[in-house]
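Each chain is listed here by its residues.
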Amino acid sequence: MAKVSGWPPRWVSFSATAKTKTRGNEASEFINSYCRVVKASVGGTAGELIQLRPWQLKLLDSLLAETADGKLRHRSALVGLPRKQGKSALGAGLALWSLYCGDVGGEVYSCAGTREQARIVFGSAKRMVELDPELSAISKVYRDAIEVPETGSVYRVLSREAGASEGLSPTTVIFDEVHVQPDRE
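Conventions used here
Residues numbered from 1 in each chain as written. Predicted model: local features only at pLDDT ≥ 70, side-chain atom pairs only at ≥ 80, totals over all residues. Heavy atoms only, no water. Phe/Tyr/Trp six-rings, centres within 6.5 Å; stacked < 30°, edge-to-face > 60°. Helix = DSSP H or I, 4+ residues; strand = E, 2+ residues; numbered from the N terminus. Buried < 20%, exposed > 50% of the residue type's maximum accessible area, 1.4 Å probe, protein only. Salt bridge = Lys/Arg side-chain N within 4 Å of Asp/Glu carboxyl O. Axes fitted to C-alpha atoms, helices over the stretch in contact; angles between N-to-C directions. Parallel < 35°, antiparallel > 145°, perpendicular 65-115°, else oblique. Contact = heavy atoms within 4.5 Å. Nonpolar A, V, L, I, M, F, W, Y, C, P; charged D, E, K, R; others polar. Left-handed = near helix turned anticlockwise from the far one by under 90°.

1. Things to note about the packing of aromatic side chains
For the structure on display, the rule yields three aromatic pairs. With 5.0 Å between their ring centres and 70° between their planes, Phe 122 and Tyr 155 make a pair best called edge-to-face. One end of the pair, Phe 122, is in helix H4 (residues 115–131); the other, Tyr 155, is in strand S6 (residues 153–159), with 33 residues separating them in the sequence. For the residue pair Phe 122 and Tyr 155, the accessibility class agrees, reading buried in each case. Ring pairs connect the aromatic residues Phe 30, Tyr 34 and Tyr 100, which therefore count as one cluster.

2. Considerations on the pattern of salt bridges
By the definition in use, this model includes four salt bridges. Lys 21 is the partner of Glu 66 in a salt bridge, and the nearest nitrogen-oxygen pair spans 3.6 Å. Here Glu 66, found in the loop between helix H2 (54–63) and strand S2 (79–80), pairs with Lys 21, found in the loop between strand S1 (11–12) and helix H1 (24–34); they are 45 residues apart in sequence, far enough to count as distant. Judged by its relative accessible area of 10%, Glu 66 is buried. On the basis of relative accessibility, which here comes to 58%, the residue Lys 21 falls in the exposed class. Of the charged contacts, one joins Glu 130 and Arg 127 as a salt bridge, the two residues approaching to 3.4 Å between their closest N and O atoms. Highlighted residues: Glu 130 and Arg 127, both in helix H4, separated by three residues, approximately one helical turn. With a relative accessible area of 40%, Glu 130 lands in the partly exposed category. Classification of Arg 127 as partly exposed rests on a relative accessible area of 37%. When salt bridges that share partners are traced, they join Lys 21, Arg 23 and Glu 66 into one network.

3. Concerning the packing of H1 against helix H3 (residues 87–101)
At a minimum axis distance of 9 Å, the contact between H1 and H3 shows a crossing angle of 105°. Considering their axes alone, H1 and H3 lie roughly perpendicular with respect to each other. Note on element contacts: H3 touches H1 through Leu 90, Gly 93, Leu 94, Leu 96, Trp 97, Tyr 100 and Cys 101, opposite Glu 26, Ala 27, Phe 30 and Ile 31. Here the residues of the contact of H1 with H3 are counted per class, giving nine nonpolar, one polar and one charged.

4. Re the environment of Val 154
Following the sequence through the fold, Val 154 ends up in strand S6. Val 154 sits in the buried class, given a relative accessible area of 9%. Discounting residues that sit within four places of it in the chain, Val 154 has contacts with Leu 99, Gly 106, Glu 107, Val 108, Ala 145, Ile 146 and Glu 147.

5. Structural notes on the packing of H1 against H2
Where H1 contacts H2, the two axes come as close as 8 Å, and the packing angle between them is 135°. Judged by the angle between their axes, H1 and H2 are oblique. Remark: the crossing between H1 and H2 carries right-handed chirality. Here H1 contributes Gly 24, Asn 25, Ala 27, Ser 28 and Ile 31 to the contact with H2, which in turn contributes Leu 57, Leu 60 and Asp 61.

Structure, rendered in structure tokens:
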């Protein structure tokens with residue numbers, strides 16, 4: 001297989017082979033079709049559809065690899081990349097894919113050490129929804145939540161400051177800046 005520019009990330013806690021069944025293509029098609037650049041950067045002009053880079057496609061394929069019985073192979077993954085590599089946009093797109101294409105009644109969370117940090121990925125996702133007529137038509141968008149009434153799925157912001165969040169049953173968690181957490185709690 002040809003080397004993919006930008007692959008692997010500095011840290012990656014999972015892998016998949018070319019023969020592994022994956023949901024990566026489904027997620028990348030969703031992101032490339034519905035998610036937009038929210039502010040001008042090396043990723044493109046604000047308002048344009050995101051075009052995932054080859055390393056991001058490979059990352060999604062590995063991250064969303066399936067077992068023989070169709071379940072996700074990895075329950076958690078850690079990816080480390082330098083600043084300005086598209087982590088927030090990719091995380092936002094992945095969260096939205098899970099919100100709209102995932103389980104009925106799904107619970108998607110953007111997490112970080114502080115609510116402000118957790119809002120970075122969520123804010124990108126929220127703006128992506130606002131920029132897409134189809135997604136915004138089927139969603140209710142709030143300050144710290146996006147709901148899909150038809151499926152009962154929700155995407156919310158959480159932080160360590162929220163205290164014990166008992167009763168949550170997350171289907172997807174995008175955790176930003178995990179390295180700044182003082183402990184495993």
